[in-house]
Amino acid sequence: MSSAVTVTLNGESRVVPVGTIVRDVLNGIPSRELVAARIDGKVVDLTRKLEHDAAVEPVLADSPEGLEVIRHSTAHLMAMAVQSLYPGTQVTIGPVIEDGFFYDFAPPAPFTVEDLPKIEAKMRELAKADHKIQRTEVAREDAIRKFSAMGEKYKVEIIQGIADDHVSIYSQGDWMDLCRGPHVPSTRYLKAFKLTGVAGAYWRGDEHNAMLSRIYGTAFAGKEALEEHLKLVELARQRDHRKLGREMGLYIFDPISPGSPFYLPKGVIIFNALIDYMRRLYRRYGYDEVVTPLLFKNELFNTSGHWENFRENMFLSPDPDSETHAIDTGPDGWRHGYGLKPMNCPGHMFVYRAEKRSYRDLPLRFAEFSRLHRAERSGTLHGLMRVRAMSQDDAHIFCREDQIEDEIALNLQMVRDVYGALGFERVEFKLATMPEQHLGAAEQWQMTEAMLGNAMKRNEIAFEINPKEGAFYGPKIEIYVSDALKRKWQVATIQLDYNAPERFDLTYTNRAGAEERPVVIHRAILGSLERFIGVLIEHTGGVLPLWLAPEQVRVLSLSEKVEAYANEVAALLKREGFRAHADIRNEKLGFKVREAEMAKVPYMIVVGEREAADRSVSVRLLRGAKSNAMPLAALVEQLKKEPVPA
Ligand SMILES: [Zn+2]
Ligand SMILES: [Zn+2]
């Protein structure tokens, strides 16, 4: 056996003795930034020995893999603290989750949030003590004996389920845990963490098993990142669209129709304003609106492929003409019964087919805002973000193959118009390519993927590839926006479809008089209006631009003496086309202002005797500017200058 190995780092190779620890070949990187290493792509401890030729890379603390190592190591630190504070507590599992980690314990008594500060303080003490974290490999039988002796029944059960004859154990100080790792080299690396909550959880997620006590926490590479994260979590709580929707009087939910919003008059104003805006764009971009049925014979969904691929997400209904009134959900059930449409596409195929089409008619762009229903499981429903009833700014473009690239380019331009107008500054694009399971030849996929890529390049749009994530019938462009809380939402999609025209036997007559298949582009820009409104409310905290604000102006009277003037101002603003109301209740101004702020009214107009005498108003903006006196006519001018997207 050779006594030296070749290590490749940053494209440079060098020879080091066998058994050199990987940390020693990563010199030059400050130890506080380095938490682990990658050997031939696999993340390992910095103390791992180099046994063969390998490519080595550093894993930095603030990289996604580095954060995972830190979070998992913090879960261990928490378990160590818990077991030292609460003797008799058994450990089970402690995985990393999005933005943090948890650990499930079997304590003598369940933990409560009151226990968290004490545990956190102990964690800090143990972190400071700089316990080295060491990995050892032991025979499986030895590990079972060891954990049995410690009374760790759950760990023993876990090890018994492992097939390997050796398992790894990580120890720090007098504490140890069965674990694959990797971990940071010592507890002093863990300096930015916070315990965030407790919950009950069944062992192995099975309700027949014992109830465990779960503690959640989060950890970051540094204090600043942790603070920033906690601030955003708190902001997200304050801006929860379900809470703001109630305070602003926009929508309600009721168990009588789970997952289906009841829009209140003010919510409908936002809903319709968004649709009106899309309609203005449709006129400019050459779309025609259609309205197709909500209820179809299931035969339609068999033709479209929804019966095969989507029927468990559909609401089905019996055929009123049948004797049995039964619903058949089996593979052949499409021969009977009806279903509520989960998507508009199949209906639009019938609109296309309704007339004979020529190459000169194309492209045809059919848009529809109709309600759609999807049978989402009740456990997944979440306010407006995940619903059973929705409307989309949905459209299907029927075009010739030589028109695809132009159509995609136009759509991308529209996406930019919309997200620019709605105040989302960060828009990201991905090209989702051919999945394992797909229809059509690989060459066709390469061609259509290239068309989507070219259309983005023409719009000077940078994009990432999302490999193998296309729909089975064609590649798609996925469009994501980042909100003010730094969360990413997939909103718009543009999908190319060669399959639907086949299934519905769509044709057009080409220049030479022969029949050809059109291509279908499915696209939505806002996506589901429900979800979009939810995102918009959380992004803005309910402080909407004037054109979307349900109540644009509220006139607040200072006393009974100016009631008439307050009403007159509100009436004048209404005549000018604004959504204005007068609050002439006999309440203190501070109270009225707080209510208007809660309802997120952008313009609060205060009128007292002086204003009534010289026909002026005092303007107070929701966004914090203090009052500002001006003639009534000047206010109207200012309101008219507020931007409205064309
Ligand atoms: Zn572990
Ligand atoms: Zn579609």
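Scroll up to find the structure this text is about.
Model, not experiment: these values are computed from the prediction. (Residues numbered from 1 in each chain as written. Chains lettered and ligands numbered in written order. Predicted model: local features only at pLDDT ≥ 70, side-chain atom pairs only at ≥ 80, totals over all residues. Heavy atoms only, no water.)

A. A look at the overall build of the chain. Per the secondary structure count, the chain includes 18 helices and 34 strands. The proportion of buried residues among the 646 residues of the chain is 51%. Contacts spanning at least 24 positions in sequence make up 68% of the contacts within the chain whose residues lie at least 6 apart. In the form shown here, the chain has an accessible surface area of approximately 31,300 Å², with 51% of it arising from carbon and sulfur atoms. Positive and negative side-chain charges in the chain, numbering 84 and 91 respectively, have mean positions lying 5 Å apart. (Helix = DSSP H or I, 4+ residues; strand = E, 2+ residues; numbered from the N terminus. Buried < 20%, exposed > 50% of the residue type's maximum accessible area, 1.4 Å probe, protein only. Contact = heavy atoms within 4.5 Å. Areas by Shrake-Rupley, 256 points an atom, 1.4 Å probe, with all protein chains shown as cover. Lys, Arg positive; Asp, Glu negative; His and termini not counted. Charge placed at Lys NZ, Arg CZ, Asp CG, Glu CD.)

B. Structural view of the coordination of the zinc ion (ligand 1). For the zinc ion (ligand 1), the full set of protein donor atoms is His 72 (NE2), His 76 (NE2) and Cys 179 (SG), at a range of 2.0 to 2.3 Å. Positions of the donor residues of the zinc ion (ligand 1), expressed as sequence spacing, correspond to H-x3-H-x102-C. Of this pair, His 72 sits in helix 1 (residues 64-85) while Cys 179 sits in the loop between strand 11 (175-178) and strand 12 (193-202), placing them 107 residues apart in sequence. Accessibility classification places His 72 together with Cys 179 in one group, the buried group. (Donors = N, O, S within 2.8 Å, 3.2 Å for Na, K, Ca; no water.)

C. Quick peek at the sheet that holds strand 19 (residues 338-340). Taken together, the three strands give an open sheet; going across it, the order is 17-19-18, and neighbouring strands pair in antiparallel fashion. Each edge of the open sheet carries a strand with a single partner, namely strand 17 (295-297) and strand 18 (316-317). With three bridges joining them, strand 17 and strand 19 adopt antiparallel strand pairing. Across the sheet, Lys 297 pairs through a bridge with Tyr 338, a residue of strand 19. (Pairing = 2+ DSSP bridges.)

D. Region of interest: the coordination of the zinc ion (ligand 2). Distances from the zinc ion (ligand 2) to its protein donors, namely Cys 345 (SG), His 396 (NE2) and His 522 (ND1), fall within the range 2.0 to 2.3 Å. Sequence positions of the residues that donate to the zinc ion (ligand 2) give the spacing C-x50-H-x125-H. On the criterion of sequence distance, the pair formed by Cys 345 in helix 10 (residues 345-353) and His 522 in strand 29 (residues 519-528) is long-range, its members being 177 residues apart. Side by side, Cys 345 and His 522 carry an identical accessibility label, which is buried.

E. Molecular detail of the packing of helix 11 (residues 404-421) against helix 12 (residues 442-458). Interhelical geometry of helix 11 versus helix 12 gives an angle of 45° and a closest axis separation of 8 Å. Between helix 11 and helix 12, the crossing angle belongs to the class labelled oblique. Note on packing geometry: the crossing formed by helix 11 with helix 12 is right-handed. On helix 12, the residues touching Ile 404, Glu 405, Asp 406, Ile 408, Ala 409 and Leu 412 of helix 11 are Met 451, Leu 452, Asn 454, Ala 455, Met 456 and Arg 458. In the contact of helix 11 with helix 12, the residues fall into eight nonpolar, one polar and three charged. (Axes fitted to C-alpha atoms, helices over the stretch in contact; angles between N-to-C directions. Parallel < 35°, antiparallel > 145°, perpendicular 65-115°, else oblique. Left-handed = near helix turned anticlockwise from the far one by under 90°. Nonpolar A, V, L, I, M, F, W, Y, C, P; charged D, E, K, R; others polar.)

F. Main features of helix 12. Between its terminal C-alpha atoms helix 12 stretches 24 Å, which fits the 24 Å expected from 17 residues at 1.5 Å a residue. All buried positions along helix 12 are accounted for by Trp 445, Thr 448, Glu 449, Met 451, Leu 452, Gly 453, Ala 455 and Met 456. As for helix 12, its buried residues are in contact with helix 11, strand 23 (427-432), strand 24 (463-466), strand 25 (476-482) and strand 26 (488-497). Of the residues one or two after helix 12, Glu 460 is the one with positive phi, at around 55°. (Expected span 1.5 Å × (residues − 1).)

G. Structural view of helix 18 (residues 632-641). Inspection of helix 18 places Leu 632, Leu 635, Val 636 and Leu 639 among the buried residues, and these make up the whole buried set. Each buried residue of helix 18 lies within a common arc of 100° when the element is viewed along its axis, so the set occupies one face. Exposed and oriented more than 90 degrees from the buried face of helix 18 are Ala 633 and Lys 641. In this structure, the buried side of helix 18 is in contact with strand 30 (553-557), helix 15 (563-575), strand 32 (603-607), strand 33 (616-621) and strand 34 (628-631). (Arc of directions from axis to C-beta.)

H. Quick look at the pairing of strand 3 (residues 34-39). Taking burial as the measure, the six residues of strand 3 include six buried ones, the bulk of the element. Bridge count for strand 3 against strand 5 (residues 54-60) is five bridges, and the pairing is antiparallel. By the bridge assignment for strand 5, Arg 38 is matched with Glu 57. The pairing of strand 3 with strand 4 (residues 42-44) spans three bridges and is antiparallel.

I. The environment of Glu 376, seen in detail. Tracing the chain through its elements places Glu 376 in the loop between strand 21 (371-373) and strand 22 (389-399). Look at Glu 376 and you get buried, because its relative accessible area is 14%. Separated by 162 residues in the primary sequence, Glu 376 and Arg 214 place their C-alpha atoms 28 Å from one another. Among residues more than four places away in sequence, those in contact with Glu 376 are Leu 381, Arg 386, Val 387 and Arg 388. One polar contact links Glu 376 to Arg 386, side chain to side chain, over a distance of 3.0 Å. (Polar contact = N/O pair within 3.5 Å; in protein donor to acceptor, adjacent residues only side chain to side chain.)

J. Summary view of the nonpolar core. One finds Leu 274, Met 278, Ile 408 and Tyr 419 to be the most contacted residues of the largest nonpolar core, which totals 62 residues. In terms of residues, this core owes the most to one element, helix 7 (residues 265-285), which gives ten residues. Look past the residues within four positions of Met 278 in its chain and what remains in contact with it is Phe 369, Asp 393, Met 414, Val 418, Ile 525 and Leu 526. The next biggest cluster of nonpolar side chains, apart from the first, holds 35 residues, and it includes Val 59, Tyr 103, Tyr 170 and Leu 190. (Core = buried A, V, L, I, M, F, W, Y, C linked by side-chain atoms within 4.5 Å.)

K. Representation of the packing of aromatic side chains within the structure. Taken as a whole, this structure holds 18 aromatic pairs when the rule is applied. When the centroid spacing of 4.8 Å and the interplanar angle of 20° are considered together, the rings of Tyr 282 and Tyr 287 count as stacked. With respect to class, Tyr 282 is no different from Tyr 287; both count as buried. Ring pairing ties together the aromatic residues Tyr 86, Tyr 103, Phe 105 and Phe 111, which thus form one cluster. Between Arg 71 and the ring centre of Phe 220, over which it is positioned, the NZ or CZ distance is 4.7 Å. Above the ring of Phe 102, the side-chain terminus of Arg 214 is found at 3.7 Å from the ring centroid. (Phe/Tyr/Trp six-rings, centres within 6.5 Å; stacked < 30°, edge-to-face > 60°. Lys NZ or Arg CZ within 6 Å of the ring centre and 35° of its normal.)

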